[in-house]
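# Fold and geometry: a report
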Amino acid sequence: MLDSKKTNILLAMAGAAVLMAASPALAQDAAPAAPAAAAATTTAADAAAPASTEAPAADAAATAEEPASLNESVGGGHGKLTPIGMFLIAHPVVKVVMLGLVLASIVTWTLLLIKLVEFGSLKKATNNFLDAFRGARTIADIRRVATSEEFDGNPLADMAAAATEELEVSRQAGLDVAGAHRGSTVGRIETAVAAVQSTIAGRLSGGQQFLASVGSSGPFIGLFGTVYGIMNSFIGIAESNTTNLAVVAPGIAEALLATGIGLFAAIPAVIFYNFFSTKIAAYGTRADGFQAELLNTVSRQLDKGA
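Below is a summary of the structure that appears in this document. Predicted model, so just to flag it, every value in this text is computed and none were measured.

## Considering a nonpolar patch on the surface
- A contiguous nonpolar surface patch, about 370 Å² in accessible area, is contributed by Ile230, Phe234, Ile252 and Leu256.
- Where the nonpolar patch is concerned, the elements lending two or more residues are helix 10 (208-240) and helix 11 (245-303).
- Along the chain, Ile252 turns up in helix 11.

## Re helix 8 (residues 182-197)
- End to end, helix 8 covers 22 Å across 16 residues, agreeing with the expected 22 Å (1.5 Å per residue, within 8%).
- What helix 8 keeps buried is the set Thr185, Val186, Ile189, Ala192, Val193, Val196 and Gln197. All buried residues of helix 8 fall inside an arc of 140° around its axis, so they share one side. For helix 8, the exposed residues lying more than 90 degrees away from the buried face are Gly183 and Thr191.

## Examining the environment of Gly215
- Considering the arrangement of structural elements, one finds Gly215 in helix 10.
- Between the alpha carbons of Gly215 and Val270 there is a distance of 4.9 Å; along the sequence they are 55 residues apart.
- When neighbours within four sequence positions are excluded, Gly215 is seen to be in contact with Ala266, Ala269 and Val270.

## Considering the packing of aromatic side chains
- Applying the stated criterion across every chain yields a total of eight aromatic pairs.
- Judged by centre distance (6.2 Å) and plane angle (50°), the ring pair of Phe224 and Tyr228 falls under tilted. Of this pair, Phe224 and Tyr228 both sit in helix 10, separated by four residues, roughly a single helical turn.
- Looking at Phe224, the relative accessible area reads 45%, which means it is partly exposed.
- Overall, Tyr228 belongs to the partly exposed group, its relative accessible area being 22%.

## Comments concerning the packing of helix 5 (residues 92-134) against helix 7 (residues 155-172)
- Viewed as axis vectors pointing N to C, helix 5 and helix 7 meet at an angle of 40°, and their least axial separation amounts to 8 Å. On the basis of the axis angle, helix 5 is oblique to helix 7. Of helix 7, the residues touching helix 5 (which contributes Leu122, Thr126, Phe129 and Leu130) are Pro155, Leu156, Ala157 and Ala160.
- Of the residues in the contact of helix 5 with helix 7, the class split is seven nonpolar, one polar and no charged.

## A short note on the pattern of salt bridges
- Under the criterion given, the structure shown has five salt bridges.
- With its nearest N and O atoms 3.8 Å apart, the salt bridge here joins Glu118 to Lys115. In this pair, Glu118 and Lys115 are both assigned in helix 5, three residues apart and thus about one turn of the helix distant.
- Overall, the relative accessible area of 27% leaves Glu118 in the partly exposed class.
- Overall, Lys115 belongs to the buried group, its relative accessible area being 1%.
- We note a salt bridge from Glu293 to Arg134, for which the minimum N-O separation is 2.9 Å. Of this pair, Glu293 sits in helix 11 while Arg134 is found in helix 5, placing the two residues 159 residues apart along the sequence.
- The class for Arg134 is partly exposed, based on a relative accessible area of 48%.

What counts as what
Residues numbered from 1 in each chain as written. Predicted model: local features only at pLDDT ≥ 70, side-chain atom pairs only at ≥ 80, totals over all residues. Heavy atoms only, no water. Patch = residues over 30% accessible without salt bridge, like charges linked within 9 Å, V, L, I, M, F, W, Y side chains within 5 Å. Areas by Shrake-Rupley, 256 points an atom, 1.4 Å probe, with all protein chains shown as cover. Salt bridge = Lys/Arg side-chain N within 4 Å of Asp/Glu carboxyl O. Helix = DSSP H or I, 4+ residues; strand = E, 2+ residues; numbered from the N terminus. Expected span 1.5 Å × (residues − 1). Buried < 20%, exposed > 50% of the residue type's maximum accessible area, 1.4 Å probe, protein only. Arc of directions from axis to C-beta. Contact = heavy atoms within 4.5 Å. Phe/Tyr/Trp six-rings, centres within 6.5 Å; stacked < 30°, edge-to-face > 60°. Axes fitted to C-alpha atoms, helices over the stretch in contact; angles between N-to-C directions. Parallel < 35°, antiparallel > 145°, perpendicular 65-115°, else oblique. Nonpolar A, V, L, I, M, F, W, Y, C, P; charged D, E, K, R; others polar.

Written out as C-alpha cells, the structure reads:
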C-alpha cells in the first residue's frame, strides 16, 4: 500500500514537469533562437551582395571600354569620325584612290575657272571683230582687220584671214578673180574658210576630254575604293573572330568616304562638260552664220571688181 502511493506521487511529479515544459512561459525562452537564425541568414545575404554587384560593375566597365577602343582605332576623339581621321586609317590602296579623286576634282574646278575666262574673253573679242569687220569697205580693209594683232587667234578673224589669203594667192597666180574665174575663186575661198572653221571645235574643246573621263569613271574609281575598304572590314572580322564595332566601323567608314569623294569629283565634271559643250555648240552656230556673211561680202566685193 505504501509502495503504490510512492509510485503515484512520482508519476504526478513527472506529468507536472511535462506540462511546465510545454507552457508559453517556457516557449518564450526558445523564441530568440528563430530571430538569431534569421539574423544569420540576413548577414550571409549582405556578405554575398557585394559579390553580386561586382559582376554588373565589371560589365559596365567593359562596355565603357569599347567606345574608347573605337575612338583610338578611328583616330578621332570623343566618338567622332572625321574625314581626316578616316583617311589616316585607310588602307594604302584606298588612300591612293582618294588622293587621285581629290586631285581630279581640283583639276576639274581649275578647268572651270580657266574656261570661263576663256569663253568670256572670246565672246568679247568676237563682238569687237564683228563690229570692225562690218565696218570694212574693201577686201583690203577686211584683210587688215583680220590679220591685226588685236584679233590674233580669234576663230572668226582666222576665217576672214583665210578668205582674203586665198583671194590674194589667186591674184598672184594671174587669175581673173573678178571675171572669168570668179566662180572658182569663190569656191576656193569657201573651202579655205571651211578648213579653218572645222578646227574651231577642237580649239575650244580643250579639257573637255578630261571632264568627260572624270565624269564617267569617277564613280567607278570610288566604288573600287569602297569594295576594297569593305573587303578589309570582313578580313578584320575574320581575323579577330568578332563583330565588334571597333573592328567593322573603320573599314566601312573609309569605304564610304571613297565613294563620296568619287561622286564629289564626278558630278561637277559632268555638269561642267555639258555646260561647255553647249557653249562650244553655240559658238559653232555663230561661226556658221559668219561663214555665210563672209562669203556674201567677198562675193559682193568681187562683183564690184575689187
